[in-house]
Amino acid sequence: MVRVSVVCCLKLLLLLALGGVTMHVPDAGVLAPLRLDGYLSFHDVAAAARDFGNRCSLLPAAVLHPGSVADVAAAVRRVFQLGERSPLTVAARGHGHSLLGQSQTAGGIVVRMESLGGGARMRVHAGGAGADAPAYVDAPGGALWINVLHETLKHGLAPKSWTDYLHLTVGGTLSNAGVSGQAFRQGPQVSNVNQLEIVTGRGDVVTCSPEENSDLFYGALGGLGQFGIITRARIALEPAPKMVRWIRVLYSDFASFTEDQEALISAERTFDYIEGFVIINRTGILNNWRTSFKPQDPVQASHFQSDGKVLYCLEMTKNFDPDEADIMEQEVGVLLSRLRYIQSTLFHTDVTYLEFLDRVHSSELKLRAQGLWEVPHPWLNLLIPRSTIHRFATEVFGNILKDSNNGPILLYPVNRSK
């Protein structure tokens, strides 16, 4: 148990005075009654005033490193008891991947949720025979998805739906949606949760599910943290494949590209992951692919020119186990034969399931090494109905954007029913 001392609060006041920062600082008596298994810190507030978006900075008064869910509840409850007139607020921070300060709070308390992400708190239930005993993992809200994957793979299992980037917290993505190339079949991550533990705005710890406290359950999933802080999630699992055939092809015609995407996500037998992205006036795109992929026809691929063109990449995977590689090859061949991509642009590679799911992290490491990660990241997500996607593409890709060198333009085909 740790009691916040008056000395710590006075240190914070002195630090702010010397630094010339103007902000609300809670009185020592406000925080002193908190008895914690973890601790409050004041030296790392600057780090908590940054996020992935890197477009705003809100300096908190303190950072809570919770040692238990009870610590999170105690902090929220104390702020609630202060009433609406108090300027003190609380913000949950996972891996700090918010885009415009959502994981920050000016003069408030930032809860560092990764402190609750220890592997000892993660439990995998391998399930049993039949649908009455499905497999699941109970994961802390502060656990990173990459660590959830490592833990579940020990049992030959994995969550069904992912984000493209796994170094995010469970509670963070479940408070948004969690969309990647599996969403057309499995739905987003929020559609694959059986139960949640939530600290509500009053500081109560509540368990909820589709059957118990269902309003809170569905409100919190994708609720942007406005209905409570997710401190634990029970996530559905499925058998994990060992290998992935990873495929990329290019289109020059947007209509053919989207029609093929729509056909693939509507088919009963199809790829396991379907995504896409836009390439605008990018030089030597296929040469860049050669570092990770091999061309189906190297000679034709070497003659392809991407300069000055708007191209659309369809990215797909097929999961397989090594002893069934021949079956996978046949299935992939049949699926590709139905598509209208530029034949010379077919590239593929075989990687482990873990390597594919964690693919963005390798790019992150390269960008960090070049000093290009800690930069502003404006980001916009849109859900566009099929009926207007062609008009959208004509106006945006044809008239507004002149190149895509400053960031990715991703196109996820999803089924409304999921």
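Residues numbered from 1 in each chain as written. Predicted model: local features only at pLDDT ≥ 70, side-chain atom pairs only at ≥ 80, totals over all residues. Heavy atoms only, no water.

**Student:** What is the right way to look at the confidence of the model for the chain in this model?
**Tutor:** In low-pLDDT segments, the atomic positions of the prediction should not be examined closely. Of the residues in the chain, 90% have a pLDDT of 70 or more, and the chain-wide mean is 90. Across residues 1-23 the pLDDT falls below 50, and counting only partners more than four positions away or on other chains, this stretch makes 32 contacts in the model. (pLDDT = per-residue confidence, 0-100. Contact = heavy atoms within 4.5 Å.)

**Student:** How should I be thinking about the packing of aromatic side chains in this particular structure?
**Tutor:** Any pair of aromatic rings gets described here by the distance separating the centres and the angle formed by the planes. Inspection of the entire model under this criterion finds 15 aromatic pairs. Ring centres 6.2 Å apart and planes at 55° place the aromatic pair tyrosine 312 and phenylalanine 397 in the tilted group. Residue tyrosine 312 is found in strand E16 (residues 310-320), and its partner phenylalanine 397 is found in helix H14 (residues 389-400); the two are separated by 85 residues along the sequence. We note that tyrosine 312, like phenylalanine 397, is buried. An aromatic cluster is built from Tyr251, Phe254, Phe257, Tyr312, Phe392 and Phe397, whose rings are joined through pairwise contacts. One Lys or Arg, arginine 359, reaches over the ring of phenylalanine 356 and ends 4.2 Å from the middle of that ring. (Phe/Tyr/Trp six-rings, centres within 6.5 Å; stacked < 30°, edge-to-face > 60°. Helix = DSSP H or I, 4+ residues; strand = E, 2+ residues; numbered from the N terminus. Buried < 20%, exposed > 50% of the residue type's maximum accessible area, 1.4 Å probe, protein only. Lys NZ or Arg CZ within 6 Å of the ring centre and 35° of its normal.)

**Student:** Whenever I open this one, the packing of helix H8 (residues 254-266) against H14 confuses me. Can you help?
**Tutor:** Between two packed helices, both the angle of their axes relative to each other and the distance between the axes serve to describe the pair. Contact pair H8 / H14: the axes reach a minimum separation of 11 Å and the direction vectors enclose 135°. As far as their axial angle goes, H14 and H8 are oblique. Crossing of H8 over H14 shows right-handed handedness. Contacts between H8 and H14 involve Phe254, Ala255 and Thr258 from the former and Ile389, His390, Ala393 and Phe397 from the latter. Of the residues in the contact of H8 with H14, the class split is 5 nonpolar, 2 polar and no charged. (Axes fitted to C-alpha atoms, helices over the stretch in contact; angles between N-to-C directions. Parallel < 35°, antiparallel > 145°, perpendicular 65-115°, else oblique. Left-handed = near helix turned anticlockwise from the far one by under 90°. Nonpolar A, V, L, I, M, F, W, Y, C, P; charged D, E, K, R; others polar.)

**Student:** Is there a simple way to explain helix H3 (residues 69-82) in this structure?
**Tutor:** Within an α-helix, residues lying three or four positions from one another point in the same direction, as the helix has 3.6 residues per turn. Between its first and last C-alpha, H3 extends 20 Å over 14 residues, near the 20 Å set by a 1.5 Å rise per residue. Among all positions in H3, only Asp71, Val72, Ala73, Ala74, Ala75, Val76 and Val79 are buried. Just downstream of H3 lies glycine 83, where phi reads positive at about 90°. (Expected span 1.5 Å × (residues − 1).)

**Student:** Looking at this structure, I do not really get the sheet that holds strand E17 (residues 347-352). What am I missing?
**Tutor:** In a beta sheet, neighbouring strands are held together by backbone hydrogen bonds and run either parallel or antiparallel to one another. One open sheet accounts for 5 strands, arranged E14-E16-E13-E17-E15; its pairing is antiparallel. Edge positions in the sheet fall to strand E14 (273-280) and strand E15 (294-295), since each of these pairs with one other strand and no more. Strand direction decides the pairing type here: strand E13 (residues 243-251) and E16, joined by 9 bridges, are antiparallel. Bridging across to E16, arginine 248 finds its partner in glutamate 315. Seen against the sheet, helix H11 (residues 325-337) touches E13 and E16 and runs at an angle of roughly 150° to E16. (Pairing = 2+ DSSP bridges.)

**Student:** How do you make sense of helix H13 (residues 359-369) when you look at a structure like this?
**Tutor:** Turning to H13, its buried residues are Arg359, His361 and Glu364. Buried residues belonging to H13 abut E13, E14 and helix H12 (353-357). At the C-terminal side of H13, glycine 371 shows a positive phi close to 70°.

**Student:** Explain the nonpolar core to me, please; I cannot follow it from the model alone.
**Tutor:** If you look at soluble globular proteins, the nonpolar side chains tend to sit buried side by side. Core analysis: the largest hydrophobic core is formed by 50 residues, its most contacted members being Val170, Leu174, Leu196, Leu250 and Trp289. When we break this core down by domain, the ones giving at least three residues each are domain 2 (123-239) and domain 3 (243-410). Aside from chain neighbours lying at most four places away, what touches leucine 250 is Ile279, Ile285, Leu286, Trp289, Phe304, Leu311, Tyr312, Cys313, Tyr341, Ile342 and Thr345. Within the second largest apolar cluster, 30 residues are counted, among which are Met328, Val396, Phe397 and Ile409. (Core = buried A, V, L, I, M, F, W, Y, C linked by side-chain atoms within 4.5 Å. Domains from an automatic or database assignment.)

**Student:** How should the side chain of threonine 173 be read in this particular structure?
**Tutor:** With respect to the secondary-structure elements, threonine 173 resides in helix H5 (residues 170-174). Apart from the residues within four sequence positions on either side, threonine 173 is in contact with Trp145, Thr163, Leu168, Gly178, Gln189 and Val190.

**Student:** What is the right way to look at the pattern of salt bridges in this model?
**Tutor:** Side chains that differ in charge, positive against negative, can pair when their charged atoms come close. Tallying each qualifying case throughout the model produces 17 salt bridges. Linking aspartate 350 and arginine 245 is a salt bridge whose minimum nitrogen-to-oxygen distance equals 2.4 Å. Remark: arginine 245 occurs in strand E13 and aspartate 350 occurs in strand E17; sequence separation between them is 105 residues. Linking arginine 386 and glutamate 262 is a salt bridge whose minimum nitrogen-to-oxygen distance equals 3.1 Å. In this pair, arginine 386 is assigned in the loop between H13 and H14 and glutamate 262 in helix H8, connecting sequence segments 124 residues apart. What makes arginine 386 exposed here is its relative accessible area of 64%. Overlapping salt bridges bring together Arg50, Glu364, Arg368 and Glu374 as one network. (Salt bridge = Lys/Arg side-chain N within 4 Å of Asp/Glu carboxyl O.)

**Student:** Is there a simple way to explain the pairing of E16 in this structure?
**Tutor:** Looking along a regular strand, one sees side chains alternate from face to face of the sheet. Counting buried positions along E16 gives 9 out of 11 residues, so the element sits mostly inside the fold. Pairing between E14 and E16: 8 bridges, direction antiparallel. Paired with isoleucine 280 across the bridge in E16 is valine 310.

**Student:** Sorry if this is basic, but what is going on with the pairing of E17 here?
**Tutor:** Bridge count for E13 against E17 is 6 bridges, and the pairing is antiparallel. If you follow valine 244 over to E17, its bridge partner there is valine 351. Of the pairings in the sheet, the one linking E15 to E17 comprises 2 bridges and is antiparallel in character. By the bridge assignment, lysine 294 is partnered in E17 with histidine 348.

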